[in-house]
Amino acid sequence: MWTVLWFRPATMSTLLFPLLLLLSTLCRLGQSMSREEKLKLRNQVVEMFDHAYSNYMDHAYPADELMPLTCRGRVRGLEPSRGDVDDALGMFSLTLIDTLDTLVLLNKTTEFEAAVRRVLKDVRLDNDIVVSVFETNIRVLGGLLGGHSMAVMLKDAGHYMQWYQDELLHMAKDLGLRLLPAFNTSSGLPYPRVNLKHGVRGPESRTGTETDTCTACAGTIILEFAALSRFTGDPVFEVQARRALNFLWEKRQRNSNLVGTTINIHSGEWVRRDSGVGAGIDSYYEYLLKAYILLGDDLFLQRFNIHYASIMKYISQPPLLLDVHIHKPLLPARTWMDSLLAFFPGLQVLKGDIRPAIETHEMLYQVTKKHNFLPEAFTTDFRVHWAQHPLRPEFAESTYFLYKATKDPYYLEVGRTVLDNLNRFARVPCGFAAMKDVRTGSHEDRMDSFFLAEMFKYLFLLFAEEEELPFNVEDYIFTTEAHLLPLSLSTAPRAPSPPANTTSEEELDDSNFDWTCPNTRLLFPDPAFPRNLRDPIRSAVDKSCPRPAIHREPGMGRPPLRAQDFMANNPDHLELLRRMGVSLIHLKDGRVQLVQHATQAVSAVAAEDGMRFMQEMMELSSQQQKEQLPPRAVQIVSHPFFGRVVLTAGPAQFGTDLSKSITGVRGFVTVAEPYSGCVELSNAAFVQGRIALLQRGQCMFAEKARHIMKAGAIGGIVIDDNEGSSSDTAPLFQMAGDGRNTDDVTLPLLFLFYKEGNILLEALKEYREVEVLLSDKARDRASIFKGKPLPGILLESSGDVQENDQTSPASSATLDRSHVSTVELDESAPELAPDNEEVTPEEDVGPAFKRNPEPEEEPAVEKDSSSKSVEAMMADWQEDLEAFQQMEDEL
């Protein structure tokens, strides 16, 4: 037990918010970072923010978000749908609203005043559009309230915003009223979506038929809604938010005191019963503790402490945080973690439980150093599970809170690493681009609003001295979107508690509750204590902990069908799968997925057999890991791209192994004639010494490779003929051989989906001479242009690329309530090896999920941007060219 100092306020009306007094100073370890170095890093944060913000305002405003690769705004309905991710976009200049209080914190008061005037002049909230209640609440309502808090603070200081008359607060109330119809359910849990103009369930609303929502989606409302009520004096918002929280509390599993991930908003039944602290649940726990800090209601702290005890008992396996089943909390629900749990060490700091915070944060830091960024999901042996990274701020958030609690300069160095990686790998001419694949360094045309709202706040606070801040941040609480709400709201009139079946006080034992935070000076009398916690974890990640073996229950026998024996064209095998509840889903691009639904099995025993079959598929995938090559990169290095555009490519199981090449293969591209490459090329003289572009189809991949080799090509790129396919939505594609020896193929052959291939083809049309680099990952621009002229602006942002761990993630067959393995089975084209009836599980790349994803559904097939007219494509490329030319003119 730690030595702590406790006190409890005499009355809630005089609560002094002791939880925020955690930030005491510890003895520093090692050499402290100099004040000059911290100032340099702080200024670097400001410069990076300026780069992101100015590019949004110049190229995207009034659109909701910036598309940094194409230097234009993302307007919902004009760009291809990304599914649930687009529910955050409401045609309300999302990024500007989300950034308002960041401007003030970074001492950009003049820009803040101008931004507020823009919001009041340009933003409409009555758009006929369906948006996420959760995202709109935390980003837009929270942004308006944070902006209002800053405007009032500046006005009271007497220098700025003297004209301000609560206009942002009026907009916030208007938006709150537009969100309220979503709470019109028998349970009080909100619908996940609402139409800003027509509400829910009306004939014109196009929403209201949903039955499920995630726990965090319903439980991350109280801070914004309670603040809105107390700012305006209208209790309706706080009442509705409390009602939703009360219902979630009532539906917790009473034995484990855990909540599931997805719940039916009408019946209260748990739809997904896995429980963790990451996606789908995370900010529910965060808001229970922060609601106590902001509002001073003991009930929130009581509930948080009960949940927290269960989290530490069942989910926490230091330094890991692994999901479990709420009814069987000793049974793990999955063997991988998602990046959203990176917020949890910061929450543990607010709780005062710093030891596990240090341990988990160190594990996350080592994973970050291993892959440059936290992958969207990673396995228990710290390999990539889902390779995307949309520039999430949660790790930076926890780094800031740990530094505030310990004053250990180690966390300043962690922050420096975050800054360096953002500049080296994510920075592009028009902002910062999300990582499509942390292993290859390929980009996604995406810069979410939370990058400006959160990342730069926490990094600035990490390096800034207290006297450099325009106000005392201890007077505010950070929402989950890092918006600033004043703690003075606790003394404002509170809403009456809703008449709900809340747990009686008698069920809650006060003696078990921590009513204040510990005195950190007494926690770590040994200044080496944090380091002693970190060292073993660093060693464990470096050695990569072995993957836990799958143990079979005794006496259950083996399944009637072994995974390694399965053939997709065998009717007997298909019948056995059907009996086990396993079905084949044929995807549009020719592959299939295996999905197991236990309820569709002919018996309980058959369902168990199906589970074991799917587990064997995972094991088979792990055993075949050497054959499952990681993705490759096609990097356009010629003018005007200069290495900025990186396309994710699939590898071939034959030919040159690019992972063993230090320099990769570099050359100009040309289209093979015939395009299929299935016969000797008629333009062999032109192909010689170049990289040939080929179309998928009509013959084997190895045959195409042999034909371009004969023509003298130095490499080949096969472009998918399936219109609309994209690496955004499709798993990694690997090109198989032709069933015979392919040692004669000695050049590299890569595969691009239609969307990425079309980018390359359009560039070739526009510029005629296009040079690319084929490699195992994106190369640093300084190394690409070694010995050649390099524009100064690119040279300044270049650096030596750190070596990524290029291990390929093991496949997982678990998604939601089903067990899924994606197989390489192309029925429409003959490129696959003759034994293509054998199922080869592909890696589970997973979708880039939302901050808190809605219940998982089959993704809607949208028409890709590549289906646009040639004229539209050329117009887009002209915009890109003008942006690059503008960049060069400024040199």
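In this report, the structure presented in the accompanying data block is examined. This is a predicted model, so every value here is computed, not measured.

Thoughts on the overall build of the protein
Now for step 1: Looking only at helices and strands, the protein features 25 helices and 31 strands.
Now for step 2: Burial status across the protein gives 64% buried among its 891 residues.
Now for step 3: Contacts spanning at least 24 positions in sequence make up 75% of the contacts within the protein whose residues lie at least 6 apart.
Now for step 4: Working note: accessible area of the protein is about 33300 Å², and carbon and sulfur atoms make up 51% of it.

Here's the deal with the sheet that holds strand β14 (residues 384-386)
Now for step 1: Spatially, the 3 strands line up as an open sheet ordered β12-β13-β14, and their pairing is antiparallel. In this open sheet, the two edge strands, each paired with only one partner strand, are β12 (336-338) and β14. The sheet shows a mean angle of 30 degrees between the axes of neighbouring strands, taken without regard to direction.
Now for step 2: In this structure, strand β13 (residues 377-379) lies alongside β14, joined through 2 bridges in antiparallel fashion. Pairing of alanine 377 across the sheet is with tryptophan 386, part of β14.

Some points on the state of the cysteines
By definition, a disulfide links two cysteine residues through a covalent bond between their sulfur atoms.
Now for step 1: One pass over the full model with this rule turns up 3 disulfides.
Now for step 2: Sulfur-sulfur distance for the disulfide between cysteine 71 and cysteine 430 comes to 1.9 Å. Judged by the sign of its S-S torsion, about 95 degrees, the cystine formed by cysteine 71 and cysteine 430 is right-handed. Of this pair, cysteine 71 sits in the loop between β1 (65-67) and β2 (72-74) while cysteine 430 sits in the loop between β15 (427-428) and β16 (431-432); the two residues are 359 residues apart in sequence, bridging distant segments of the chain.
Now for step 3: The buried category is assigned to cysteine 71, whose relative accessible area is 12%.
Now for step 4: For cysteine 430, a relative accessible area of 4% corresponds to the buried category.

Comments concerning the environment of leucine 487
Now for step 1: Assignment of secondary structure puts leucine 487 in the loop between β20 (484-486) and α16 (520-523).
Now for step 2: Considering only alpha carbons, one finds leucine 487 and aspartate 475, 12 residues apart in sequence, at a separation of 5.7 Å.

A short note on the nonpolar core
Now for step 1: Counting residues in each nonpolar core, the largest one holds 174 residues, and the members touching the most others are Phe112, Leu422 and Phe432.
Now for step 2: With 11 residues, helix α4 (residues 133-157) is the largest single contributor of residues to this core.
Now for step 3: Val645, Leu658, Ile719 and Leu760 belong to the second largest nonpolar core, which has 23 residues in total.

Here's the deal with the pattern of salt bridges
Now for step 1: Counted under the stated rule, the structure contains 50 salt bridges.
Now for step 2: Where aspartate 122 meets lysine 121, a salt bridge forms, and the shortest distance between an N and an O atom there is 3.2 Å.
Now for step 3: Owing to a relative accessible area of 31%, aspartate 122 belongs among the partly exposed residues under this scheme.
Now for step 4: We classify lysine 121 as exposed; its relative accessible area is 69%.
Now for step 5: As a salt-bridge pair, glutamate 238 and arginine 230 come within 3.1 Å of each other at their nearest N and O atoms. Each of the two residues, glutamate 238 as well as arginine 230, counts as buried.
Now for step 6: A single salt-bridge network, built from bridges that share partners, covers Glu65, Arg82, Asp86, Glu135 and Arg139.

Some remarks on the packing of aromatic side chains
Now for step 1: Summed over all chains, the structure comprises 29 aromatic pairs.
Now for step 2: Measuring from centroid to centroid gives 5.6 Å for phenylalanine 304 and tyrosine 308, while their planes differ by 25 degrees, and the two rings are stacked. Here the residue phenylalanine 304 and the residue tyrosine 308 both occupy positions in helix α10 (residues 298-315), the gap between them amounting to 4 residues, near one helical turn. Exposure class is identical for phenylalanine 304 and tyrosine 308. Each is buried.
Now for step 3: Taken together, the ring pairs connect Phe49, Tyr53, Phe432, Phe451 and Phe456 into an aromatic cluster.
Now for step 4: Positioned above the aromatic ring of tryptophan 249 is the side chain of arginine 252, whose terminal nitrogen or guanidinium carbon lies 3.8 Å from the ring centre.
Now for step 5: A cation sits over an aromatic face here: arginine 534 above tyrosine 410, 3.7 Å from the ring centre.

Quick notes on helix α13 (residues 394-406)
Because each turn of an α-helix spans 3.6 residues, side chains separated by three or four positions end up pointing in the same direction.
Now for step 1: For α13, which comprises 13 residues, the first-to-last C-alpha distance of 18 Å matches the rise-based estimate of 18 Å (1.5 Å per residue) to within 8%.
Now for step 2: α13 sits mainly inside the fold: 13 of its 13 residues count as buried.
Now for step 3: Directly beyond the C-terminal end of α13, a positive phi value near 55 degrees is found at lysine 407.

Observations concerning the pairing of strand β27 (residues 715-719)
Now for step 1: In terms of residue burial, β27 counts as a mostly covered element, since 5 of its 5 residues are buried.
Now for step 2: Side-chain alternation along β27 places Gly715, Ile717 and Ile719 on one buried face and Gly716 and Val718 on a second face that is also buried.
Now for step 3: With 5 bridges connecting them, strand β26 (residues 691-695) and β27 associate as parallel partners. Within the sheet, the bridge partner assigned to isoleucine 691 lies in β27 and is glycine 715.
Now for step 4: Of the crossover connections in this fold, the one passing from β26 over helix α21 (residues 701-710) to the parallel β27 is right-handed.
Now for step 5: By the bridge criterion, 4 bridges tie β27 to strand β28 (residues 749-752) in an arrangement that is parallel. Bridged to glycine 716 within β28 is leucine 749.

Section: the side chain of threonine 185
Now for step 1: Its place among the elements puts threonine 185 in the loop between α5 (167-179) and β4 (193-195).
Now for step 2: At 3.1 Å, the side chain of threonine 185 forms a polar contact with the backbone nitrogen of glycine 188.

Let's talk about empty space enclosed by the protein
Over the atoms, a rolling probe the size of a water molecule traces out where space has been left empty.
Now for step 1: All chains considered together, the criterion is met by 11 cavities of 30 Å³ or more.
Now for step 2: By volume, the second largest cavity is sized at about 160 Å³.
Now for step 3: Around the second largest cavity sit 15 residues that line it, and Phe373, Leu374, His389, Arg392 and Phe395 are the ones nearest its centre.
Now for step 4: At the level of secondary structure, the elements contributing two or more residues to the lining of the second largest cavity comprise α13 and α14 (410-426).
Now for step 5: Per element, the largest residue contribution to the lining of the second largest cavity is 4 residues, and it comes from α14.
Now for step 6: Classifying every residue of the lining of the second largest cavity gives 7 nonpolar, 6 polar and 2 charged.

What counts, and where the lines are drawn
Residues numbered from 1 in each chain as written. Predicted model: local features only at pLDDT ≥ 70, side-chain atom pairs only at ≥ 80, totals over all residues. Heavy atoms only, no water. Helix = DSSP H or I, 4+ residues; strand = E, 2+ residues; numbered from the N terminus. Buried < 20%, exposed > 50% of the residue type's maximum accessible area, 1.4 Å probe, protein only. Contact = heavy atoms within 4.5 Å. Areas by Shrake-Rupley, 256 points an atom, 1.4 Å probe, with all protein chains shown as cover. Pairing = 2+ DSSP bridges. Axes fitted to C-alpha atoms, helices over the stretch in contact; angles between N-to-C directions. Disulfide = S-S within 2.5 Å. Core = buried A, V, L, I, M, F, W, Y, C linked by side-chain atoms within 4.5 Å. Salt bridge = Lys/Arg side-chain N within 4 Å of Asp/Glu carboxyl O. Phe/Tyr/Trp six-rings, centres within 6.5 Å; stacked < 30°, edge-to-face > 60°. Lys NZ or Arg CZ within 6 Å of the ring centre and 35° of its normal. Expected span 1.5 Å × (residues − 1). Right-handed = clockwise from strand over helix to strand, strands pointing away. Polar contact = N/O pair within 3.5 Å; in protein donor to acceptor, adjacent residues only side chain to side chain. 1 Å grid on protein atoms, 1.4 Å probe; cavity = no way out; pocket = protein on both sides within 12 Å on 5 of 7 lines; lining within 4 Å. Points joined across faces, edges and corners; volume = space filled by probe spheres on them. Nonpolar A, V, L, I, M, F, W, Y, C, P; charged D, E, K, R; others polar.

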